[in-house]
Structure formats: structure tokens, C-alpha cells
Amino acid sequence: MTDRSTRPTDDRVEAPGFGTADESTLEVHGPKEAAAGVTAVRVAMQRTVGHMGAARSAQALLKLNQADGFDCMSCAWPDPDPDHRHSAEFCENGAKAVAEEGTKARATPEFFARHSVADLDSHDEHWLGQAGRITHPMVKRPGATHYEPIEWDDAFTLVAQELDALDSPDEAVFYTSGRASNEAAFVYQLFVRALGTNNLPDCSNMCHESTSVALGESIGIGKGSVSLRDLYDAELIVIAGQNPGTNHPRMLSALETAKRRGAKIISINPLREAGLVNFRNPQKPRGVVGGGTDLADLFLPIKVNGDLALFQALGSLLVEWDALDHDFIAEHTQGFEAWAEHVRAVDWDVVERATGLSRAQVVEAAEMIRDSKATIYCWAMGLTQHRNSVATVKEVVNLALVRGDIGKRGAGVCPVRGHSNVQGDRTMGIYEKPDEELLDALQAEFGFEPPRRHGLDVVDSIRAMRDGKVKVFVGLGGNFLHAAPDTAVTAEALRGTSLTVQISTKINRSHLVTGGTALILPTMGRTEKDVTEAGEQFVTVEDSMSSVHSSRGVLDPASEHLRSEVAIVAGLARAALRESDGTDRHGIGWDDMAVDYDVVRDHASRVVHGFGDFSARADRPGGFVLPHPPRDSRTFRTASGKAEIAVSPMDVLHVPEGHLVLQTLRSHDQYNTTIYGFSDRYRGIEGGRRVVFVHRDDIFALGLEDGDHVDLHAVWDDDRERVAPRFRVVAYETPRGSAAAYYPETNPLVPLDSVAVGSNTPTSKSVIVRLVPCA
């Protein structure tokens, strides 16, 4: 459906990088009723062999997620214990990620000479990705039409000169994608704070920031409280706003194990996703020749943004039935009485309107929670990208607290992270609002006074670039332009800078929408061997369940000119902080860290809590698990010393007549902003991406027909007209009033100023839109 070579002709929104509808390729089928593992294996092998060849595919995949291999660069789902891992310990999308990174295709200087920036910008994201691995550092000079090669030292010097020309270090921002290793993240935040700023926005600002804020205020730590073993031992697993079959496929194996051990599962989601209906595990005979495993015992098709009302209604019923752990409440919590009074007054008419569910459906779910002695609550972006997301996550935590489901085997809270080391990067200090403990430790370790004022998150960084207050943008991985909201505004902001620097493996849109000068610094990937003069190096990552373990690539680097993320960041720091006599401003040994990652980990072991004896512990099979006081000892590092049961108003989204609430989501053939292909087979979409899923009755009520083409118009309180042109309407099983479409194509519709209260996360899951028939 997406035209591979043209740009939209609609000029109402200058949002770069999106194609228009191509009727010759799009096919719409009915959604699947199961996540078929055999099909996933076939697709994965076709993709990896096609990109990498048979021998290199086998070499890489057999080491993927193994104790002596490399960690998947896709999602952050934890690995089983080393003794219980399969030889094929990966999912379809993990294999696709390996294929993308391990491809034989190369974007050489000759490639950039053949293609101007304007020519590259005329192609879609999939085409750009297929150009292959970037082999050399590249620069686009002011006014130039093409990128050209640049030597590493010259690139570092260029960045240093731009930074030195700033009036303040706060005129630069340093973005981090969740793929960066712990070691790269530690050196990066050290460099940025040694420079003198806390402007460290990261991808978490756009996804689980609402989780981090809510958990931090409720239980004293912004991380989930469960282990993989807990998931196996749970009696009930509640999965809200999450689609594991596409976004965390290896989670399905864990859910299958839990089901076999007697667990029940509640799925809460606007769309009925195949992965939570039935899972056919290709590593089990039943998954190959049998009927697979039915997963969800109860599916609640909730309206977009109805979760806060639902969880308060569940709490109301538990209070009414006195299905509460009074001992836990008395000993470990604060705020119960005010919360209980609040939920007793729940208005069921409001609940039913907000959720689209009947009271009977809510009662059935509450009865399952009441009858469970150990419940785990899982969630992802479906809960965290709304105006009321912090309150919603706190309401989930409230249920766990009043039931005593924290610090108990088989129970707890389980936010599922979508990027392989996004949690580890935050642990290492990638945060615009660092705590005093981290800053004090940095000062004690390195002898300089780090900045204490808070920095800029993603949304505020875009505002500052737009307003001319930030002049340098540095991105450690990712595709910032297409990950961020309000694409046209973000593009305008990036173009207003004097320098943009992207540390990347492959070409993406952020290399084409740039500041006056633009640098691409090509880095090694997770799959590749990292050999320095000190010997072969390994890096570490932290998964969604606070387990830290090593990662060692097995493939030869795509080019002899690549450098590791650690070496690139250390090179930037060395150049930017070099005094006139050649010494470092703070006496930090950047060169030592660049060649020996044990040096990095030795520093981190004295700065970051829980990382004592870092190198040795990380290098053991399976690594180590970080401390988590609520999980480990039912202790809570809040101001009161107890878990806080929060009271939140039942905030309901008001939608004008004739409008729908749009959630943006991934297809099965993408990972974040990386488009692997054009097949969303579980939802029955093949050959295209520009579709909008709408309930059949809403289609009729809006005067449309299934298959019509519409422009999506966002509704917001400013003068900017936000339009995503030409989407095909697809009748789909989703609640009335709700719609869904793929990002990043719909990111132009998400207003920069529409954010979650308390976390500043863009509201990408609740965009009010009109569907306007195409002319």
C-alpha cells in the first residue's frame, strides 16, 4: 500500500517520510485466531537467510539470547535461566532484528555520492533501511546536497567546536535510544554531565515514563516487581494495553507455561489480538500439529482511554466485597481509607460509557482477581500514552497493594519494556532529572561538580529546538524524528539547529531532516564482535525484570571503519573536554574506557547502586538481579516509608460527535520505527501500512464504507492543522468510538503539547480525529 518512491502530494502537513496509498499492493484479510509459531519460524528464517546468507544466519541465531552470546536488540523480555534455554531462544521479530543488523547490504560513501539527501528523503523508511549498514563516518556541510566521508578525528573535532561555540552547555541535548548498552549509557551520561548539562532525553520519555513516575511515587522504585519465575507461579495474570504476540513474542512462551501450571489470564485491550487468543509454540509438538494453547480466559474489549475507569471500578468491587489484604494494608501502605471512600462512590454509568464494557463484564474480572491468591499485572504502551496515564498506572498499583500482591511469590507489577536496554540506560543515569545520590556518587568518583538543575526531556527538547534555545542535537541510536510526536513540528525543530549528530547503524529519516551541519557516526551493532587493543570486549544490558547480563557479538563488523558506541562517546568526550594543553578538563580517562569496558564497569560499580563487582557478576551465566526493595523485603523508599495508595479523579476523555479516538500502534512487521516489511498478518493486512481500523457501525454512522479512503484530521487546541493523508478504512473488531492505525505514519497527528499529566509523555494512544473522505 505504501508507495515506495513518492512523497505525499497533500501539503497541509510538512511531515517528511511517509508514502501514499498504492492500491496494487494492499490486501485486507480477516484477523487470525492464533499466533502460529510455525509460520513465525518460516518467516524468520526466510528473512535472515535472505539478508545474511545461511551460514551467517545460523552463526548469529544460535547465539541470540544465549548466555555466551548476544542479547536481542529488540524487546526487553527476560531470558530463562541458562539451564532452561532452547537452542533457538528467539522470536520472529528478534530474528528480523538480527537480519536487519546482520545484512550484507552496505551504505558506502559511493552510495551517498549517488543519492542526494533530497533523493533519499523521497523514499520511505523501509527503502532506506534496505540500503544496508553505514560503513564510514559521513558529514553534510551547510548548503550541501550530499553527505560525504569524514575522518573520525575530524568528526569529533567538528562536534567539539560546535559545543564550544555555545553560550551554555544547556544549548545542547543528548538523546538516547533504548538499544545502547549499559557501558555506552554510563559513559554518555558522564560525558554530558562533565560538559555541564542534564539534557538527557531518552526514548523512555515517550513510552514508559508514566510507569516510572507512577511506580516511583507509589512504591519507591520505577521498575516492575516480578521475575520470570513469578509469572510461572501466578494464579492470575492481567494483561492491559499490551500485544505480546507482536511486541514481546517470547512472552507468549512464559504465558503458555503459566497456563499449563493453572494460571488464568485476563486480556484488556481495544483490539482482540491473536497472540492472546491462542499460541502455537513451534518448540512444542502441540504447537506444531495440535491446537496450540488457549491463553486469555477473559477478554475485555475496552474503549481507548477507558482503563482508569475500569481499574477504579474493579477497586470499588473489591472494597464492596472486602476482598482485601488488611494486614498488608495496615503494615505497608498509606492512603487506603481515602482511596476506599473514593472508589465506593464510583458512578457505574460513567464507567460503562468510558470503558464500553457492561457491569457484568467488570464483575467477572473482579471475581477472578478476588479469587486469585497471587496476581500479576502486566501493561505496556496502551496504558502509558494518555493524558491520565500516571493516574491509570497508580490505579493498577492500588489493586496490587490492597490485595497484598507486592513482594509475594507469583504476584506483583510487570511493566513490559519495549526496547532492549531502555531500563538499563535509565539505571545508568540517562535521565534529565537525576537524583542527588547519583550526582553525589559521580562527584566522589570523578572529582567534578555535576550540574544539579534538571534538564530537558523529549517534549521539552523539541520545544527548545523549535524556539531556538537548543542549537546542537546528538542522538545515541534511534530515529528521533519518527519516534517523536508532531512530526512536522519536530522536523522544523531539528532543521533549526546548527548541528545534528546521529550515532547509527543504518540510514533513517533523522539523517535526512537535519541541522545546518549533520554528522552520521556509524557504530557496531549488538551482533558484532568488539575487539580493542585490550582484547575482546563484552557489554551488558538490563531486562524488564532487573536482570543484568553480558552480551557478546559473534559476527565480524560490517566495516573496518566502524567504532563501538563506547568508543564513539569516549571520542566525543575527549574532544569536547580537551584543554589547550591536551589534558581532560576533569582528568577523566576517556581513552582507557574506550578500549577496556572493565574500566567503565569499575567506575559504574562505585556510582550506580546495586552494581558492586559489576564485571565479574555480569560475566557469570545469567548475570545478576538488581535489588528491588518492594519485591525483596516489602520495603518502600517513599517519603512515608510505606507504599502510597493514590486517589485519582476518574478522568474521562470527552470526544465530540462524529469523531473517534485513535490509538497509534505497531504492525507485526516493524520494530518501533524500523519497518521490516508490509505484512501485519495477525490483523490480516498484507502489502501496505496506510490503513485505519474502525468498528463497522462507526463506519456506517460516519457515512463511509469499508474500503473508502480518508484523511485523518487531528483535533487540538491550537491553530495548526494536523492531517495524515489517504488511509484506507478497514472494518475491524474494536469498540465503538475507537480507531487504530500504525505509527510512525500517524505521529504527525499527535500534538506536541498533548502530554500525560506528571510524565510529559506524548498521548499517542488517545488522539481525537475526524475521518474526512479523500477528494
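Relevant structure appears above.
Residues numbered from 1 in each chain as written. Predicted model: local features only at pLDDT ≥ 70, side-chain atom pairs only at ≥ 80, totals over all residues. Heavy atoms only, no water.

**Student:** Outline the pairing of strand 22 (residues 547–551), supporting the account with residue identities and numerical values.
**Tutor:** The element strand 22 is extensively covered by neighbouring structure, given that 5 of its 5 residues are classed as buried. Pairing geometry for strand 21 (residues 539–542) and strand 22, over 4 bridges, is antiparallel. From the neighbouring strand, Thr540 faces strand 22, where its bridge partner is Ser550. Linking strand 21 back to strand 22 in an antiparallel pair, the connection comprises 4 residues, with Ser546 at a positive phi of about 70°. Where strand 22 and strand 23 (residues 624–625) come together, 2 bridges link them in antiparallel fashion. The residue bridging Val548 from the neighbouring strand is Phe624, located in strand 23. (Buried < 20%, exposed > 50% of the residue type's maximum accessible area, 1.4 Å probe, protein only. Helix = DSSP H or I, 4+ residues; strand = E, 2+ residues; numbered from the N terminus. Pairing = 2+ DSSP bridges.)

**Student:** Before we move on, can you summarise the sheet that holds strand 22 with the specific residues and values?
**Tutor:** Taken in spatial order, the 3 strands of this open sheet run 21-22-23, and their pairing is antiparallel. Pairing within the sheet leaves two strands with one partner each, and these edge strands are strand 21 and strand 23. Against the sheet, helix 8 (residues 182–195) touches strand 21 and strand 22, its axis set at about 90° to strand 21. (Contact = heavy atoms within 4.5 Å. Axes fitted to C-alpha atoms, helices over the stretch in contact; angles between N-to-C directions.)

**Student:** A description of empty space enclosed by the protein should follow, citing residues and the corresponding values.
**Tutor:** As enumerated under the stated definition, the model contains 5 cavities of 30 Å³ or more in all. In this model, the second largest cavity occupies a volume close to 240 Å³. Along the wall of the second largest cavity there are 18 residues; nearest its centre are Met524, Gly525, Arg526, Asp530 and Val539. Its residues assigned to classes, the lining of the second largest cavity shows 5 nonpolar, 7 polar and 6 charged. (1 Å grid on protein atoms, 1.4 Å probe; cavity = no way out; pocket = protein on both sides within 12 Å on 5 of 7 lines; lining within 4 Å. Points joined across faces, edges and corners; volume = space filled by probe spheres on them. Nonpolar A, V, L, I, M, F, W, Y, C, P; charged D, E, K, R; others polar.)

**Student:** Any chance you could break down the pattern of salt bridges for me, citing the residues and the numbers?
**Tutor:** A full pass over the atoms with the stated rule returns 47 salt bridges. With a closest N to O distance of 2.7 Å, Lys96 and Asp669 form a salt bridge. Remark: Asp669 occurs in the loop between strand 25 (660–665) and strand 26 (670–671) and Lys96 occurs in helix 3 (residues 92–102); sequence separation between them is 573 residues. Take Lys96: its relative accessible area is 1%, and that puts it in the buried class. The exposure class assigned to Asp669 is buried, which follows from its relative accessible area of 1%. For Arg631, the salt bridge goes to Asp632, with nearest N and O atoms at 2.7 Å. Using a relative accessible area of 47% as the deciding quantity, one classes Asp632 as partly exposed. Each member of the salt-bridge network shares a partner with another, and the members are Arg47, Glu92, Lys96, Asp669 and Arg681. (Salt bridge = Lys/Arg side-chain N within 4 Å of Asp/Glu carboxyl O.)

**Student:** Lay out the packing of helix 14 (residues 307–321) against helix 16 (residues 336–344) in plain terms, naming residues and giving numbers.
**Tutor:** Viewed as axis vectors pointing N to C, helix 14 and helix 16 meet at an angle of 105°, and their least axial separation amounts to 8 Å. Taken as axis vectors, helix 14 and helix 16 run roughly perpendicular relative to one another. On the side of helix 14, the interface is formed by Gln312, Gly315, Ser316 and Val319, while helix 16 contributes Trp339, Ala340, His342, Val343 and Arg344. (Parallel < 35°, antiparallel > 145°, perpendicular 65-115°, else oblique.)

**Student:** I'd love a proper account of the sheet that holds strand 18 (residues 517–522), names of residues and values included.
**Tutor:** The sheet built from 6 strands is open, its strands ordered 6-5-18-17-16-7 with mixed pairing. With partners counted over all chains shown, the strands left at the sheet margins are strand 6 (148–149) and strand 7 (172–176), one partner each. Strand direction decides the pairing type here: strand 5 (residues 138–140) and strand 6, joined by 2 bridges, are antiparallel. Among the inter-strand pairings, Val139 is bridged to a residue of strand 6, identified as Glu148. Against the sheet, helix 8 touches strand 7 and strand 16 (472–476), its axis set at about 170° to strand 7.

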